[in-house]
Amino acid sequence: MLEKEISSIRRECAAAISEAANSQKLGEAKVRFLGKSGALTLLLRELKNVPPAEKPAAGKLLNDIRAELEAAFAMAEENLAKKERELRIAKETLDVTLSKPYTEYGALHPLSVVKNDIINIFTGMGFEIKDGPEIDYEYYNFTALNIPADHPSRDSADTFYINDKILLRTQTSAVQVHVMETQKPPIRIICPGKVYRPDDDATHSPMFQQVEGLVIDEHVTLSDLTGILLEFAKKFFSQETKIRLRPSFFPFTEPSVEVDLSCAMCGGKGCRLCKGTGWIELLGAGVVNPAVLECSGIDSKKYSGFAFGMGVERATMIRYGIPDMRLLFDNDIRILRQFR
Ligand code: DAH
């Protein structure tokens, strides 16, 4: 009789334990069997009605089943607690693979890209980079470059003056003089930098950038200049690019030339970009005027040189076919994005 009840409690209890989906359900099942008025507790109370001779054996049976059920519950509790802990940890884990909101990456401004390209091409040919002041004496910007006192470029309509001796440099050519004063030939330098002029329209800006070049050594000629500039044009634009030298005039070079590029858009046939000529003007250059060398203490009988100065904005406009220089300064993100 007692054994029958015990085995049915054992079965029911095992079923209740395996059905308990969580700790709370398991706790409720434990109360149902082992609680104050649980099934096994009630059975224990029946012990007083068992005949004295059978009491010890019945007592042992009941104690054994009680220990067995407690152990079964303890094991189930532990298992469930472990499962629940694992579940919680899995839920709390930070998913590092989650994609973040889209961010836009920045990029160099086209003017910086072009300036860097120019610098890299010339440093690749052995040129050193030199720097000079943007606020300079008129001596460096004009006088030492053989620009006469009455030259129109000195007019306050063409130059920003701080006072009668000091100005915002109008050309990086001023750096040539600083370098020649401090460095003995051989000199092979480029000077990238900002220059200032009171101009403001589609192809001029009050501030723009130039890259000046200067080479001084024994036996330097116009054909060295031509070779270097052709090499530059091929690297900067394309291998097919040709250059053309036209006679020009600058006080600091003799002879002076304007250097044109074959038009990259039409290949020289003539188009909108080159205004039908097949050529695009890139820069001014020439053989350094001996008067300029002598003025800075370089022996013009022993040394000769060539120089050139190109506009970074101009080179950028030519390379990308940009019609208006102001597009490069407005910083309209829709324009800049096209250069990423
Ligand atoms: N400085 C001239 C300009 O701003 C450009 C130039 C022409 C530079 C001839 C030179 C040169 O070094 O030799 O228009």
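Details of the structure are given in the entry above.
Everything quoted here is computed from the prediction, not taken from an experiment.

Of the regular secondary structure elements, the protein holds twelve helices and nine strands. Rg of the C-alpha trace for the protein: 46 Å, well past the compact-globule value of 20 Å for 340 residues, more than 25% over. Considering only C-alpha atoms, the protein reaches an extent of 140 × 45 × 40 Å along its principal axes. Expressed as a percentage of its 340 residues, the buried residues of the protein come to 39%. Of the contacts formed within the protein by residues at least 6 apart in sequence, a portion of 65% connects residues at least 24 apart. Split by element, the accessible area of the protein, about 19500 Å² in all, is 56% carbon and sulfur. Separation between the mean location of the 43 positive side-chain charges and that of the 47 negative ones in the protein comes to 9 Å.

Bringing the pattern of salt bridges into the picture now. In this structure the tally under the stated criterion is 14 salt bridges. A salt bridge links Asp 332 to Arg 334; the nearest nitrogen and oxygen atoms lie 2.7 Å apart. Residue classification places Arg 334 among the exposed positions, given a relative accessible area of 60%. Through salt bridges with shared partners, one network takes in Arg 244, Arg 246, Asp 260 and Glu 281.

With that settled, the discussion passes to unusual backbone geometry. Pro 186 follows Pro 185 through a cis peptide bond whose omega is 0°. Note that Pro 186 resides in the loop between α7 (173–182) and β4 (187–196). The residue after Glu 254, namely Pro 255, is reached through a cis peptide bond having omega 0°. Note on placement: Pro 255 falls in strand β7 (residues 253–262). Within the chain, His 219 stands out as a residue other than glycine whose phi angle is a positive 60°. For His 219, the position within the fold is in the loop between β5 (207–217) and α8 (222–236). The exposure class of His 219 is exposed, given its relative accessible area of 68%. In this structure, Lys 275 takes a positive phi of about 55° despite not being glycine. Residue placement: Lys 275 occurs in the loop between β7 and β8 (279–288). The class of Lys 275 is exposed, set by a relative accessible area of 74%.

Calculation notes
Counting restarts for each chain, with residues numbered from 1 along the sequence as it is written. With the structure being a predicted model, the display of local features is reserved for residues of pLDDT at least 70 and the display and counting of side-chain atom pairs for 80 or more, all residues being used for whole-chain, interface and lining totals. Water and hydrogen atoms play no part in the side-chain values, which are based on all heavy atoms of the structure. Only DSSP runs of H or I with at least four residues qualify as helices, and only runs of E with at least two residues qualify as strands; both kinds are numbered from the N terminus onward. Two things to know: the radius of gyration comes from C-alpha atoms, and the globule rule equals 2.2 Å times the number of residues to the power 0.38. Each residue gets one of three labels from its accessible area relative to the maximum for its type: buried under 20%, exposed over 50%, partly exposed in between, using a 1.4 Å probe on protein chains only. In what follows, residue pairs with any heavy atoms lying within 4.5 Å of each other are defined as contacts. Residue burial considers only the protein chains on display, and all accessible areas are found by Shrake-Rupley using a 1.4 Å probe. In this tally Asp and Glu are treated as negative and Lys and Arg as positive; neither His nor the chain ends contributes. Think of each charge as sitting on NZ of Lys, CZ of Arg, CG of Asp or CD of Glu. In the sections that follow, a salt bridge refers to a side-chain nitrogen of Lys or Arg positioned within 4 Å of a carboxyl oxygen of Asp or Glu.

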